[in-house]
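# Chain and residue survey
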Amino acid sequence: MSLVRRAEPADAPEVLRLRQVMINSMAGADSSTDWHADSLPVLRARLAEPDGGFAAFVVDHPERPGELAALVAGTLEYRIGRAGNPLGTVGYVFSVATDPGARRRGYARACMDRLLEWFRERGADRVQLTTSAEAASLYASLGFRPKPDPLLELWL
C-alpha cells in the first residue's frame, strides 16, 4: 500500500505549513505567514474539489501523528491545442516540500510519481516546474529536462 494519498480539506493547515517550509528555503523569500489566514479557506475549498484542475498529494509524518511529512501540489492548465496535444492540457508543479525531519526517505519522489500519474490521467502531454539547485537531481531522475526558453514574469 502506498504512503501517498490525496490531500483532503482537513490537511489544509499542514499543507500551508509545508508550503511555508518550501518558501523559506528560497533565497530572498518573504518568510511572513500573515497570508496563511486568508489562504486557508481557499485552500480548503480547492482540496474539496475532487475533479478540479488542482491536486495535492501528501505523505503523513511517520513520527508525528496529525502532521505531514511531504507535499507535492500542481495544477492543470489549458492552452489552445496543437499537434500532439489537441486538448491543450499542460501540468504545472508549483509546490514540493518535505518536512526537514523527514527528508531523504523518498517521500517527495513518491508524491511526484503520484502527481505525474494524475496529470497523465487527465491528458497532460507535458509537465513544467521550476526548481532549486538542491532538487534538480530529483527532477532530472524523473525525466525533466531544462528548457532553453527564459521564463518572463510580470507582477500585476
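For the structure, check the block above.
Residues numbered from 1 in each chain as written. Predicted model: local features only at pLDDT ≥ 70, side-chain atom pairs only at ≥ 80, totals over all residues. Heavy atoms only, no water.

### Considerations on the overall build of the protein chain
Counting its secondary structure elements, the protein chain contains four helices and five strands. Reading the secondary structure of the protein chain in the N-to-C direction produces β-α-α-β-β-β-α-β-α. In terms of overall size, the protein chain behaves like a compact globule, its C-alpha atoms giving a radius of gyration of 16 Å where 156 residues would be expected to give roughly 15 Å. Considering only C-alpha atoms, the protein chain reaches an extent of 50 × 35 × 35 Å along its principal axes. The buried share among the 156 residues of the protein chain stands at 37%. Put simply, of all contacts in the protein chain between residues at least 6 apart along the chain, 63% involve residues at least 24 apart. Within the structure as shown, the protein chain displays about 9,700 Å² of accessible surface, and the carbon and sulfur contribution to it stands at 57%. Computing the positive centroid from 19 side-chain charges and the negative centroid from 20, the protein chain places the two 6 Å apart. (Helix = DSSP H or I, 4+ residues; strand = E, 2+ residues; numbered from the N terminus. Rg over C-alpha atoms; globule rule 2.2 N^0.38 Å. Buried < 20%, exposed > 50% of the residue type's maximum accessible area, 1.4 Å probe, protein only. Contact = heavy atoms within 4.5 Å. Areas by Shrake-Rupley, 256 points an atom, 1.4 Å probe, with all protein chains shown as cover. Lys, Arg positive; Asp, Glu negative; His and termini not counted. Charge placed at Lys NZ, Arg CZ, Asp CG, Glu CD.)

### Here we look at the pairing of strand 2 (residues 54-60)
Burial analysis of strand 2 places six of its seven residues in the buried class, which makes it a mostly covered element. As paired elements, strand 1 (residues 4-6) and strand 2 share three bridges and run antiparallel to each other. Across the sheet, the residue bridging to Val-4 is Val-59, located in strand 2. (Pairing = 2+ DSSP bridges.)

### Some thoughts on unusual backbone geometry
One non-glycine residue with positive phi stands out, namely Arg-104, at about 65°. Relative to the assigned elements, Arg-104 resides in the loop between strand 4 (89-98) and helix 3 (107-121).

### So, helix 3
Taking 1.5 Å as the rise per residue, helix 3 with 15 residues should run 21 Å; its terminal C-alpha atoms sit 21 Å apart, in good agreement. Every buried residue of helix 3 is accounted for by Tyr-107, Ala-108, Cys-111, Met-112, Leu-115, Leu-116, Trp-118 and Phe-119. Taken around the axis of helix 3, the buried residues stretch over an arc of 165°, which confines them to a single face. Gly-123, located one to two residues past helix 3, shows a positive phi value of around 85°. (Expected span 1.5 Å × (residues − 1). Arc of directions from axis to C-beta.)

### Re the nonpolar core
Counting residues in each nonpolar core, the largest one holds 24 residues, and the members touching the most others are Val-93, Met-112, Leu-115 and Tyr-139. Of all elements in the fold, only strand 2, strand 3 (68-78), strand 4, helix 3 and helix 4 (136-141) reach the threshold of two or more residues within this core. In terms of residues, this core owes the most to one element, helix 3, which gives eight residues. Dropping the residues within four chain positions of it, Val-93 is found in contact with Val-72, Ala-73, Gly-74, Met-112, Leu-115, Phe-119, Val-127, Gln-128 and Leu-129. (Core = buried A, V, L, I, M, F, W, Y, C linked by side-chain atoms within 4.5 Å.)

### What about the pattern of salt bridges?
One pass over the full model with this rule turns up 14 salt bridges. Between Arg-5 and Asp-11 there is a salt bridge, with the nearest N and O atoms lying 2.7 Å from each other. Several salt bridges converge on common partners, so that one network encompasses Glu-14, Arg-17, Arg-64, Glu-67 and Asp-99. (Salt bridge = Lys/Arg side-chain N within 4 Å of Asp/Glu carboxyl O.)

### Considering the side chain of Gln-20
You can see Gln-20 is positioned in helix 1 (residues 12-24). Here Gln-20 is in contact with Asp-30, Ser-31, Ser-32, Thr-33, Trp-35 and His-36, once residues within four sequence places are set aside.

### Section: the packing of helix 1 against helix 2 (residues 36-47)
For the pair helix 1 and helix 2, the least separation of the axes is 9 Å and the interaxial angle reads 120°. As the angle between them shows, helix 1 and helix 2 are arranged oblique. Helix-helix and strand crossings are classified by hand; for helix 1 and helix 2 the assignment is right-handed. The residues of helix 2 that touch helix 1, namely those facing Ala-12, Pro-13, Val-15, Leu-16 and Gln-20, are His-36, Ser-39, Leu-40, Leu-43, Arg-44 and Leu-47. Its residues assigned to classes, the contact of helix 1 with helix 2 comprises seven nonpolar, three polar and one charged. (Axes fitted to C-alpha atoms, helices over the stretch in contact; angles between N-to-C directions. Parallel < 35°, antiparallel > 145°, perpendicular 65-115°, else oblique. Left-handed = near helix turned anticlockwise from the far one by under 90°. Nonpolar A, V, L, I, M, F, W, Y, C, P; charged D, E, K, R; others polar.)

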